Amino acid sequence: MQLDVNLGWTRLDAGGNDNFKSGKALAVHFDYFLKHWLAADLGLYVSDKTLEESRQDIVGAYRTSIQSQAVLLGLKPRYRFSSPYEVYGRLGLQYWRTELEVEEDFGAGIPGGIDSSKDTGYGYYASIGGGHYVTENVMVQIEFRHMKQLDLFADTSRFPFDLTINAFSFGVGYRF
Amino acid sequence: MCISGFVSDRAGPSAVSKGSEGMALIPGIVLAVLVLSGCEIDGSDNLPRVPDQGLFMLAEVNLHEAEDEAQVAAAVFNDGVPVNLTGGDVFEARTATERVLLMKPGPVEGSYAESLPVDNSVQDVFLNIVHEPVEARASRWYPVDLLNIDPGPGELVGKSAMVSFPLPVTIQTPVADTVYTSITDTVDFSWIQGDNFDDDMRVLSAIECTDGFATSSYGTVVEKEAVPGLDFDDGVEPISLDRFIFDLNQGSSTIEFLSDAALALMQELLNQLSAGNIDPDFLLRQRNANPIESNCEIRLFLQRRRQGQFDTAFDDGSVTGSTSSEVTILYIPAVTLD
């Protein structure tokens, strides 16, 4: 079994003309090894509130933000070299819960405000990473993660979208 | 643009109180264009004819020859100050079968522009200020029907205007690619008369000059106030070339640069004619080459204009339907030996 804790920098892409700043996220994975090269991967992903750059259009000034959590379930193949290095991947499904918030300002004399909505749904995730065993049980690792949340707000809006989260993370793994 | 202050159509009494501030803004618009240009043209005779008091509607709808889309530009002024529509309030232009929202802010603060599909059967275009909290946000990426902070309709919503198109314009002279060598030359316009002698004529221009190293591009307008003969659709009008070409060093008291809705309309027309391959600030681009010493391509747009009607809720207005035709002439200054 192995416990991985990764802290990453995220880039969000909602598929339109969105322009998110980079954000941060924490991922915790519990791996149960079915074979020495393959583990079942159970994870939890939590992002901070990621802000978009402020925009201005004919309606007014606005800024969106997204905050997301996800439960991850998949497989983690790995290959350990004779040297104290290891490469690994993750591939699986996610169940996500995402909150989208919009803040609008219309100028002097007109009340602006904030509106938000939450949605849940399914998607997938994939990762590739590498680690270095500091001790027989402790590994430091880097990982590139790609997550896709599908059909956000499809049940409540005529304008659903898919959310892509790419993240580059550093972390620690502990085998026990 | 250097214009930072604006009022909103919801500002109500506060907008009125900003009248004196706004009066300074109108010259500011013109000044901004000129400052951006870097030229020393006296713009004092180039103020939009917008009164200092009251609610004023400015709208232009132009159908260019052989085009299946009309260009629509509109603006509202309150006590001389351009009003920014906001919060989902937006100009709507509609015919019996088509409808567009004027979602593109024009080059000048407070002006809006869009292209409206039309066909030969279209005679009238109706302009309305509507409140469309979802449609107005259509360019945003997120679910605007779900997340929508709607302040409700502003004070201008419900106000309207209507324009009709006059007969199409057919230019007879000058012929394309006629070369002029001096700004004292005269461009002899002639065209086939329309069905209403009282229609106004107007000449818009989009000019690009190059001296081999630098370029300049800008737009001008020649109207009946400057050339009284344009007050009637009589089929002929000589116009001096110095209404299009000027000396960057000397300035000019005759040239009138495009401003407000006319500028928005012209930019939209150029965009349409070039299938979007036009500099979005073509008519505002900085002037580096001195036109009088440069080779210039002068695209002349002769417009036949017919006054429309505006809502009685407006104190005053200028609402115009027009048709236009284009001819390109060349200015190639005569080489002088020092």
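What you are looking at is a predicted structure, and each value in this text was computed from that prediction instead of being measured. (Residues numbered from 1 in each chain as written. Chains lettered and ligands numbered in written order. Predicted model: local features only at pLDDT ≥ 70, side-chain atom pairs only at ≥ 80, totals over all residues.)

**Some details on the overall build of chain A**
Helices and strands together make up the secondary structure of chain A, namely zero helices and 10 strands. Each helix (α) and strand (β) of chain A, taken in turn from the N terminus, gives the series β-β-β-β-β-β-β-β-β-β. Referenced to the eigenvectors of the C-alpha coordinate spread, the extents of chain A come out at roughly 70 × 30 × 20 Å. Out of the 176 residues belonging to chain A, those deemed buried represent 35%. Long-range pairs, those at least 24 residues apart, make up 57% of the contacts in chain A with a sequence separation of at least 6. (Helix = DSSP H or I, 4+ residues; strand = E, 2+ residues; numbered from the N terminus. Buried ≥ 20, exposed ≤ 12 C-beta atoms within 10 Å, placed from the backbone. Contact = placed C-beta atoms within 7 Å.)

**A short note on the interface of chain B and chain A**
Listed per partner, the contact involves 24 residues of chain B and 29 residues of chain A. The class makeup of the residues in the side of chain B that touches chain A is 14 nonpolar, seven polar and three charged. (Nonpolar A, V, L, I, M, F, W, Y, C, P; charged D, E, K, R; others polar.)

**Some remarks on unusual backbone geometry**
Residue and element names in this part refer to chain B. With omega at 5°, the peptide bond leading from T173 into P174 counts as cis. Along the chain, P174 turns up in the loop between β11 (171–173) and β12 (179–180). For D79, which is not glycine, the phi torsion reads 50° and is therefore positive. The exposure class of D79 is buried, given the 23 C-beta atoms found within 10 Å. Residue D177 is not a glycine yet carries a positive backbone phi of 65°. Tracing the chain through its elements places D177 in the loop between β11 and β12.

**Digging into the domain arrangement of chain B**
Residues and elements named next belong to chain B. Each assigned domain of chain B is listed here: domain 1 (7–164) and domain 2 (171–331). Of the residues lining the interface, 46 residues belong to domain 1; the matching set on domain 2 comes to 45 residues. Looking at the side of domain 1 that touches domain 2, the elements that each hand over two or more residues are α2 (19–37), β2 (55–64), β3 (69–78), β8 (111–117) and β10 (160–164). With 10 residues, the single largest contributor to the side of domain 1 that touches domain 2 is β2. When grouped by side-chain class, the residues that make up the side of domain 1 that touches domain 2 number 26 nonpolar, 12 polar and eight charged. (Domains from an automatic or database assignment.)

**Description of the nonpolar core**
All names here are of chain B. Formed by 84 residues in total, the largest nonpolar core has its most connected members in A59, V72, A73, A74, F91, A261 and M266. The element best represented in this core is helix α3 (residues 260–273), accounting for eight residues. Each of domain 1 (7–164) and domain 2 (171–331) gives at least three residues to this core. Every residue in contact with F91, bar those within four places of it in the chain, is listed here: A74, L85, L101, L102, Y112, L127 and I129. (Core = buried A, V, L, I, M, F, W, Y, C linked by C-beta atoms within 7 Å.)

**Comments concerning α3(B)**
All names here are of chain B. Across its 14 residues, α3 extends 20 Å between first and last C-alpha, which sits within 8% of the 20 Å expected from 1.5 Å per residue. Here α3 lies mainly inside the structure; 11 of its 14 residues are buried. For α3, the set of buried residues is D260, A261, A262, L263, A264, L265, M266, Q267, E268, L269 and L270. Contacts made by the buried residues of α3 are with β2, β3, β8, β14 (200–210) and β15 (215–222). One or two positions beyond α3, positive phi appears at A275, with a value near 55°. (Expected span 1.5 Å × (residues − 1).)

**What to know about the confidence of the model for chain B**
Residue and element names in this part refer to chain B. When the pLDDT values of chain B are averaged, the result is 82; 83% of them are 70 or greater. Below a pLDDT of 50 lies the segment residues 1–8, which in the model reaches 29 contacts outside its immediate sequence neighbourhood of four places, other chains included. Our summary of model confidence lists the complex with pTM equal to 0.78 and ipTM equal to 0.91. (pLDDT = per-residue confidence, 0-100.)

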